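# A closer look at the structure
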Amino acid sequence: VPYVEIYLRPAGDLKTSPKELAQFVQLLLNRGKLGDTELLKPESLDRMEYPQTTQAARAGLKYGYGLANYTDLEGPVVAHGHNGGIAGFISTYKYLPDRGLGWVILLNSSTPGQGFKEMESLVRNFLLAGQPVPEKPQMILSGADLDRFAGYYEKRNPSNELFDFLDLLLSGRRVFEEYGTLYQRGIFGPKQVLVPVTANQFREEKEAAASRIFFTDDSGAMIYVDQGFYGVRVSPLWPWTRLGLVLLGLALMASSLAFALVWIPRRLMGRMRGVERLSVRGVPLLAALSLLAAFLVLDLAPDWMLGVFDILSFSVCLLTWAFAALSLWGLWLALRSFKWDVKPAVRIYSLLVSIACCGIAAYLGYWHLIGLRLWAP
């Protein structure tokens, strides 16, 4: 099988065998020693396992993402490790430093899914069977103490810059207090209980230790951090307005597809004789279809095929340019249609769809997604 670069090249390209990966876990458990050979100092491993330079760490949060080593707090005791995977496999290694236990799981699959989580849970429970489990830390805070953390937090740390526009739209979190309990809720989904561990550190109910923290930065803004999320408290007015405008624009574009299911068959059956200027209807439809096609290619193509110049990566670039050009063309036709013999309802509808297309194109262009070259260095 020929080697092909993954499109997220900086994410990692370390190749090893299951045996070597297991030896690496032994090295971590033995605090830098493999057999009688010391490869790392114990203090070097301490530095790897705990973050020190992040704002959250400086504010007092112990656990998080260290140097290519993160803490897993979902089990009964704190675990360290990392996972990985590209098209064709997923993997993880975890270890419990204070218990001398660790594991490696490799799976020929491209989707983590529930099965992979259940496998790891079985391994963890088997290794911890019969061992004492510490009580989960908890602190009692008043409703007033909890309410000072309430607000909408906008995510500011995209894990993949390519999809930063989606993080801003969909990854915000609302924190609120109800009857002496603090909750968080995403844009979609159920609310989650945040259990206080200290005056400003919290955990989820199932977690073994504090995984998130609230603090103010140098500008005085309230910050909310958990593993993988760095949120700044902002007024919810613009985030919700922005999401509403994008959803409205996408809904109008989608409606052009539904509208086409009506007028195209009627045209083919000869029921629209004498109706001219079909480009007023057709160009916004083509714009919506070009954007849909671009996202279908991104979704259906394997990641590794998008990291090189080929028909798939070139199609994404070409389709996004076509979407922008067709959006502008559709708006020009819709404005010109006020001088043509076009039904007022069709004229107004095509204008609204074209404005929606141009708005979405401007939003994607702001994030450098128009003319996206996934093969570029």
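Use the structure listed above.
Described below are features of the structure shown in this document. (Residues numbered from 1 in each chain as written. Predicted model: local features only at pLDDT ≥ 70, side-chain atom pairs only at ≥ 80, totals over all residues. Heavy atoms only, no water.)

Each helix and strand counted, the chain has 10 helices and 14 strands in total. In summary, the chain has a C-alpha radius of gyration of 26 Å against a globular reference of 21 Å for 377 residues, an excess of more than 25%. If you line up the chain on its principal axes, its C-alpha atoms span 85 × 60 × 35 Å. Sequence separation of 24 or more characterises 54% of the internal contacts of the chain that already satisfy a separation of 6 or more. For the chain, the accessible area works out to roughly 21,100 Å², and carbon and sulfur atoms hold 62% of it. Averaged over its 37 positive side-chain charges, the chain has a centre that lies 11 Å from the centre of its 33 negative ones. (Helix = DSSP H or I, 4+ residues; strand = E, 2+ residues; numbered from the N terminus. Rg over C-alpha atoms; globule rule 2.2 N^0.38 Å. Contact = heavy atoms within 4.5 Å. Areas by Shrake-Rupley, 256 points an atom, 1.4 Å probe, with all protein chains shown as cover. Lys, Arg positive; Asp, Glu negative; His and termini not counted. Charge placed at Lys NZ, Arg CZ, Asp CG, Glu CD.)

Take the sheet that holds strand 6 (residues 101–107) next. Strand order in the open sheet formed by four strands is 3-4-5-6, and the pairing between neighbours is antiparallel. Here the strands that pair on one side only, and so sit at the sheet edges, are strand 3 (70–72) and strand 6. Strand after strand, the sheet turns through a mean of 30° between neighbouring axes, direction not considered. Against the sheet, helix 4 (residues 113–128) touches strand 3, strand 4 (79–86), strand 5 (89–96) and strand 6, its axis set at about 155° to strand 6. (Pairing = 2+ DSSP bridges. Axes fitted to C-alpha atoms, helices over the stretch in contact; angles between N-to-C directions.)

Before going further, it helps to examine the side chain of Ser91. You can see Ser91 is positioned in strand 5. Under the relative-accessibility criterion, Ser91 is labelled buried at 14%. When sequence neighbours within four positions are dropped, the list of residues in contact with Ser91 reads Asn83, Gly84, Ile105, Leu106 and Phe116. (Buried < 20%, exposed > 50% of the residue type's maximum accessible area, 1.4 Å probe, protein only.)

With that settled, the discussion passes to helix 1 (residues 18–29). A rise of 1.5 Å per residue sets the reference length of helix 1, with its 12 residues, at 16 Å; its end C-alpha atoms lie 17 Å apart and thus fit the reference within 8%. Within helix 1, burial applies to Leu21, Val25, Leu27, Leu28 and Leu29. Its buried side turned inward, helix 1 meets strand 1 (33–34), helix 2 (42–49), strand 5 and strand 6. One or two steps after helix 1, the chain reaches Arg31, where phi turns positive at roughly 55°. (Expected span 1.5 Å × (residues − 1).)

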